Structure formats: C-alpha cells, structure tokens
Amino acid sequence: MFTREFLTCAVVFVFVAVSSAALGQTPSLGKPINPTDIAAWDISVLPDGTGLPPGSGTPAQGASVYVQKCLMCHGVDGKGGPNNALIGNPPLTDRERDPVKTIANYWPYATTIFDFIRRTMPWQQPRSLTNEEVYSLTAYILSLNKLIGENDTMNAETLPKVRMPNRDGFIVRYPDKI
Amino acid sequence: MKTTSDRLKRDWKDLEGAARNGLLDRRAFLRGGAAFAAAITGYSLAKPAAAEPLADDPWSQVPGANSPPYEKRSRHEEKILRTLSNPNGEPRTQHARSPHHLLNGTFTPNGLHFTINHAGTPDIDPAKHHLVIHGLVKQPLVFTLDTLARYPMVSRMAFVECGGNSAPFFSKEPIQASVQALHGLVSCAEWTGVRLSTLLDETGVDPKAKWFIAEGADAPALSRSVPVKKALDDSMIALYQNGERIMPGNGYPMRLLLPGYEGNMNVKFLRRIKLVDQPGMSYYETRTYTQLLPDGKSLQFNFLQEVKSFITHPSPGLALKGPGLYEISGIAYSGNGRIAKVMVSADGGQSWAQAALQEPVLSKAFTRFRLPWKWNGGPAVLQSRAWDESGDVQPTRAQIIAVRGESKRVPPVTAFPGQHYNGITTWAVDENGEVKHVYA
C-alpha cells in the first residue's frame, strides 16, 4: 500500500514538472523596472496621442529653431537641400512622373512628425531637442504645409486632432496577421 | 526494374529533354557519373584540350602559412565584396548588397550578408547593452546579454529581405546590372537566440496588447510596430549569426528576427519592446515602407516577403563559354514557409522543366534549385518560377506591374521606384554566351 501511494505521488510530481516546462518555465532573470526608470527611453508616441509629453510650441517658435538646427539639411522654409523637402503637395496619381511622398500628400498622422523629429533629429545629434523645440518644429512644419494655422499651438491635446489629408489613403495588406 | 547501378550507367545523352531549348531532367546530374564532376564545379564547359602533364606547384613544395586565430578567406577571393550605395557615409541610408552570383549554397557568409543602416552602425558595448520589455505587460523587465545567455535558445535558418529588394524591376526598361545590384538586398543565415515568447512568458502580456513597438539603440532609434501575433509565433531575439555573434551591421549585439517578414521590421541593435494596443505609425511604417498604388492608395503593413526565385548561375556577368552542358542554379524562398517547387524555362516561359531542390528545404529560408541544361549555342531566355507550400506562386512581372504600376522613367539602379517585387527575373543568353537582363 505504501509503495502504491508513493508511486502515485511520484507520478503526480512528474506530471507537474513536465507541465510547468511545457508552459514555458524560464530562468526568471529579467530584472523588474519601474515605469519611471524607463521614461528616458520611452519616447513612443501613438497616433491617438498616447506618449506625447507636456509642453507646447508655435510655428513662430519653430521657425527660429529650424534656422539653427534644420535648415542646413532641409533648406530655406523646408524647400529641401541636401536632404528631403518638408513641403510640397504633388498629386499621388501623377501619370507623367513618379509620385513623391510628402508630409502633406502622404503622411497619415501628425503625431508621426513629432515622434520622428524627437527620436531621430537633428541627424548628427538625435534626441538633443527639448520637447518644447519638438512641438515648435512640428507646428512650424504643419504650418508651412497649411495643415494648421500660422498661430496654432501644438501640444498633447491639439496635435493628435490635426487631420492629415491622406489619413484614409492606406490599405492594410494582411489584416489576418494582426 | 532498374537498379541504382543501372541508373548510374546512364548518360545525360540518354535523357529526354524536360523542356525545350536544352533543359534536361533535374535528376540528370545525380544519375551521371564522372562525366558530370567537372560540370558541377565550374561554369566553363567548353570541351577541354588534353591536360598538360602534372607537376608540383611552388606552394606544394614548402610548408604553408601559420594558422591564424581567425580564418580569413584566400587572398584570391578578396574581390568578392558587397557593393555600397553610400561608401563615404553621407547623412543618409547606407545599403550593402550581397553578391549572389559569386556565392553558392543556401546561406550567406557573415561578411557578405546584406545590410541597410539608416544612420550608420553604432559601436555598442555588449556589457552595457540592455533590452527592456514594457508597456501592456504585467511586469516590465530588463534583460542583459549575460542574462539572455541563460535562457533556452533555438537556431533556425531564415532569410531576411529588404522590402525594397529588386526595386529596379519597376523601371520601365530593364536595367542592365548584376544579380547583386538587382537582388542583393536579401540574404540568408542561421540565427540563434531566445524566442520572444519565452521572454513574454516572464513579463506576462495584458490581453489588450495587440502590437509591440520594437526600437533600436542606433542614432535614429529606429522603430517599427509588429503584431503580438507574430511575437507569439516565431519571433526571436537573435544573438548569433551563422554560429558567431551577430555582425555589427546586422544589429550587434541583438536584433529582432521575424522570419519571413519585411527586413526593416527585424529591428537591429534592439533595446526596447513596448506592448501597445495600436500601431505606433512610425515614419518607416507610414512613409518609407508603404507601397503606393496607381490609384493613389497605398499598401501598409505589407509584412510578408512573398514567394520568389531568381537564377544566379548563369546571370549578367557570368558568361557562358561555348556550347555544352551547364548547371542552371538559383535561389528560391518564401515568407509563407517552404518552397514546394521551382520550374525553369529556357524559352522565355513557353515550356518549363522542374528543378531539383537542394535538401534540406527549410521554411522561410533560401532553397537552392538546380537543373542541368545543354546549351546549343543559340539564343536562350532563362526564367525561374517558384511555388510555396501555401500554394502561392511567384507572379510574372506583367502581373505585378498591372496592379502596382511601373516607373515612368529608367531610374538609377540603386533607386527605389517600388517595393515588394517578387516577380519573375528573365535572363537572355545570346550566341556569344553573354547574359542580359530583359523583360519577357
């Protein structure tokens, strides 16, 4: 009888060990971290505005930042230089030439402008701009493209509400894989 | 019933053609004996004159060089190199393309694996690199290389292909260039690392999480959004490339590997994964890696690199040296899974012969196909066409252009007038054995 019970216990023990391995038992060596300690890296801005920091900026403020930090690559008034123009609105269906994707004719979300400037610009010193400067530059570029008024202020409330002309221009290629 | 030795006695001359213009049965080389040995090793098969008498060469008469601690290829092979789009590091993207016409087999050597870096290659200290997983998880966690080394690992072959590979095929005229220039933004390696699902087991995943944003530790902090569905399927935090630590240009010390998915999504220098309820709509997933259609709409989240093949031997730059027997060979792959079949034509797609697939045929990895071909010295138009196990078939160029449009000009070969071209590639062989890129 004792032997039989012992065997039953052993079988149960083996089953538990196997099933916990099958469930993906891991070494548990990841170190817990508080969201506040991730803040310096957590720069993702989502299209609904999630992740936008406090602060604000106007096109006029952005114009002066632009002259100092952006003009050398993107040209006077965003007209383009060694790198891409930031203005322009050619049709996307031009049959005579290859269409050019611009902010005004193509980008579906204004939040992407803020996110990309903050994480990637200026090219030689990424993530050196303050949030105020990023809001200002975003406002300046949107204003140059006549997507907001020249006195409009961009902040966490107003930026996600800017309706980009090509918002509905995209077809999700593989909806079943999402 | 014929025995193996009966079959070995058969000569390729006995085999009926499998398709017009000299394509032979795919088993011809396997059945053939010594007569085929030369054909397998070289691309020049003109009937040789009698060999010279053999004598010891100088290198056989003295002891050779010392074994180096890290082996380098022969000095005679040093010209086999990637081609660079931006060799002086101007402030724009740098592309380095793989020379597939000068390689063979199914994986790409680490030094020749293609790379695209949007702002150079960072010099990362592996001891100070961190990977954080946070957002819609139960417990945000930070991992280091040391800790990841303790986790169960997996190895798999996988190709990685830039969404813009083969962009020259959107040119209105065929651009005369090598396989390297036309198809050099794809490579295949064995990747070893920790499944992302293993780490997500540890952090726990909030059911609201539908996407994760992957971000690199490079200057632009490149970011892409990936469905959680893929994370729980076959995504890997890759630490090793062909057995050694990942090369700097491929994301040292760790990259995201999403087998079969568009190259840019396989974020390199990976430092952060944030689980979210919606895609981030980053610059690269809304602007750069979206495909504009003729009606002005665009394809987005075009994850898959679909079934594709191209002939590497012969190809532009690899001329045929006189009529005779050649092996046509090339690469096939699909982001859907395994390659099921590759057909080859020598008459521009009028007749087709089935190529042999080099085993093992692995999911979402390069498969080498081969087919013996007796070139009669006349014009030939070579094509390959692949099928994958999901039933997808490689489209013709005309089918792709009908849906996606083509450039109204002939752009530079390094330009990207379109993306996700997986159509047929056509090589025209002329009477001199020269190989040209044509549309057919």
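Remember, it's a predicted structure, so these values are computed and weren't measured experimentally. For every chain, the first residue of the written sequence is number 1, and numbering continues from 1 onward in sequence order. The lettering of chains begins at A and the numbering of ligands begins at 1, in the order of writing. The predicted nature of this model means local features are confined to residues of pLDDT at least 70 and side-chain atom pairs, given and counted, to a pLDDT of 80 or more, with totals for whole chains, interfaces and linings taken over all residues.

J.: Can you help me understand the overall build of chain B in this one?
T.: Only DSSP runs of H or I with at least four residues qualify as helices, and only runs of E with at least two residues qualify as strands; both kinds are numbered from the N terminus onward. Helix and strand counts for chain B come out as 9 helices and 26 strands. Based on C-alpha atoms, the radius of gyration is set beside the globule rule, defined as 2.2 Å times the residue count to the power 0.38. A globule of 440 residues ought to have a C-alpha radius of gyration of about 22 Å, and chain B, at 24 Å, matches this closely. With respect to the principal axes defined by its C-alpha atoms, chain B has extents near 70 × 65 × 55 Å. Exposed residues have 12 or fewer other C-beta atoms within 10 Å of their own C-beta, buried residues have 20 or more, and partly exposed residues fall in between, where C-beta atoms are placed from the backbone. Burial analysis of chain B (440 residues in total) assigns 47% to the buried set. Contact between two residues is assigned whenever their backbone-derived C-beta positions fall within 7 Å. Within chain B, contacts between residues at least 6 apart in sequence are counted, and of these 73% link residues at least 24 apart.

J.: Help me understand the overall build of chain A, please; the structure alone is not making it clear to me.
T.: What chain A contains, in helices and strands, is 6 helices and 4 strands. Here chain A, with 178 residues, has 29% of them falling under the buried criterion.

J.: Hey, could you run me through the interface of chain B and chain A in this one?
T.: One frequently used descriptor of interface size is the decrease in accessible area upon assembly of the parts. Counting residues at the interface gives 52 residues for chain B and 46 residues for chain A. Among the secondary structure elements, those contributing two or more residues to the side of chain B that touches chain A are β6 (131–135), β7 (141–143), α6 (196–203), β11 (223–227), β15 (270–276), α8 (283–288) and β17 (298–300) of chain B. At 5 residues, the largest contribution of residues to the side of chain B that touches chain A is made by α6 of chain B.

J.: Sorry if this is basic, but what is going on with the sheet that holds strand β16 (residues 291–292) of chain B here?
T.: Strand pairing in a sheet is mediated by backbone hydrogen bonds. Such pairs are either parallel or antiparallel. Here, a strand pair is defined by DSSP locating no fewer than two bridges between the strands. Taken in spatial order, the 3 strands make up an open sheet running β4(A)-β17(B)-β16(B), and their pairing is mixed. Each having just a single partner strand, β4 (170–172) of chain A together with β16 of chain B make up the two edges of the open sheet. As judged from the 3 bridges shared by β4 of chain A and β17 of chain B, these two strands associate in the parallel manner. Note on β17 of chain B: the bridge partner recorded for V172 of chain A is Q300 of chain B.

J.: What am I meant to see in the confidence of the model for chain A here?
T.: Low pLDDT means the predicted atomic positions in that stretch should not be read closely. Looking at chain A as a whole, the pLDDT averages 89, with 87% of positions reaching at least 70. Taken together, the stretch residues 1–22 of chain A has pLDDT below 50 and engages in 1 contact with residues farther than four places along the chain or on a different chain. Confidence of the predictor in every single residue is expressed as pLDDT, which spans 0 to 100.

J.: Can you help me understand the packing of helix α3 (residues 59–69) of chain A against helix α6 (residues 131–144) of chain A in this one?
T.: Geometry of a packed helix pair, given as the angle between the helix axes and the separation of the axes. Residue and element names in this part refer to chain A. The interhelical angle for the contact between α3 and α6, taken along N-to-C directions, is 105°, at an axis separation of 7 Å. Looking at the two axes, α3 sits roughly perpendicular to α6. Contact residues: α3 offers P59, Q61, G62, A63, V65 and Y66, while α6 offers E133, S136, L137, A139, Y140 and S143. Axes, fitted as lines to C-alpha atoms, cover a helix only where it is in contact. Angles between the N-to-C directions of the axes lie from 0 to 180 degrees. For this classification, under 35 degrees means roughly parallel, over 145 means roughly antiparallel, 65 to 115 means roughly perpendicular, and everything else is oblique.

J.: Would you mind showing me how to read unusual backbone geometry here?
T.: Glycine aside, the phi torsion of most residues is negative, and most peptide linkages are trans. Residue and element names in this part refer to chain B. Of note, the bond from Y252 into P253 is cis; its omega dihedral lies within 30 degrees of zero at 5°. If you trace the backbone, P253 turns up in the loop between β13 (244–245) and β14 (255–257). Residue H313 is joined to P314 through a cis peptide bond whose omega torsion reads 0°. In this structure, N21 is a non-glycine residue whose phi angle is positive, near 65°.

J.: So what exactly am I meant to see when it comes to the environment of A96 of chain B here?
T.: Residues and elements named next belong to chain B. Mapped onto the fold, A96 is located in strand β4 (residues 94–97). Through-space distance from the C-alpha of A96 to that of H113 is 8.2 Å; in sequence the pair is 17 residues apart. Residues within four places of A96 in sequence aside, it is in contact with R82, L84, F114, T115 and G249.

J.: Please explain the nonpolar core as it appears in this structure.
T.: If you look at soluble globular proteins, the nonpolar side chains tend to sit buried side by side. Residues and elements named next belong to chain B. Only buried Ala, Val, Leu, Ile, Met, Phe, Trp, Tyr and Cys residues enter a nonpolar core, and they are joined through C-beta atoms within 7 Å. One finds L23, F212 and I237 to be the most contacted residues of the largest nonpolar core, which totals 122 residues. In contact with L23, not counting residues within four places along its chain, are G17, A18, V344, A346, A353, L371 and W373. A167, F169, F170 and I401 belong to the second largest nonpolar core, which has 6 residues in total.

J.: Would you mind showing me how to read the environment of S98 of chain B here?
T.: Residue and element names in this part refer to chain B. Structurally, S98 can be placed in the loop between β4 and β5 (115–117). Separated by 165 residues in sequence, S98 and G263 have C-alpha atoms that sit 14 Å apart. Once residues lying within four places of it in the same chain are set aside, the contact partners of S98 are R82, T108, L112, H113, F114, Q180, G184 and S187.

J.: Sorry, what's going on with the packing of helix α5 (residues 111–120) of chain A against α6 of chain A here?
T.: Residue and element names in this part refer to chain A. Across the interface, α5 lies against α6 with an axial gap of 9 Å and an inter-helix angle of 130°. In terms of orientation, α5 lies oblique with respect to α6. Crossing geometry of α5 relative to α6 is assigned as right-handed. Contact residues: α5 offers I113, F114, I117 and R118, while α6 offers V134, L137, T138 and I141. Note: crossing handedness is left-handed where the near helix turns anticlockwise from the far helix by less than a right angle, and right-handed where it turns clockwise.

J.: Teacher, can you tell me more about the pairing of strand β9 (residues 186–195) of chain B here?
T.: The two faces of the sheet receive side chains in turn, since in a regular strand these alternate between them. Residue and element names in this part refer to chain B. Burial analysis of β9 places 9 of its 10 residues in the buried class, the great majority of the element. For strand β8 (residues 154–161) and β9, the ladder comprises 8 bridges, and the chain directions are antiparallel. Of the residues in β9, the one forming a bridge with F159 is C188. Bridge count between β9 and strand β12 (residues 236–241): 5 bridges; the pairing is antiparallel. By the bridge assignment, V194 is partnered in β12 with I237.

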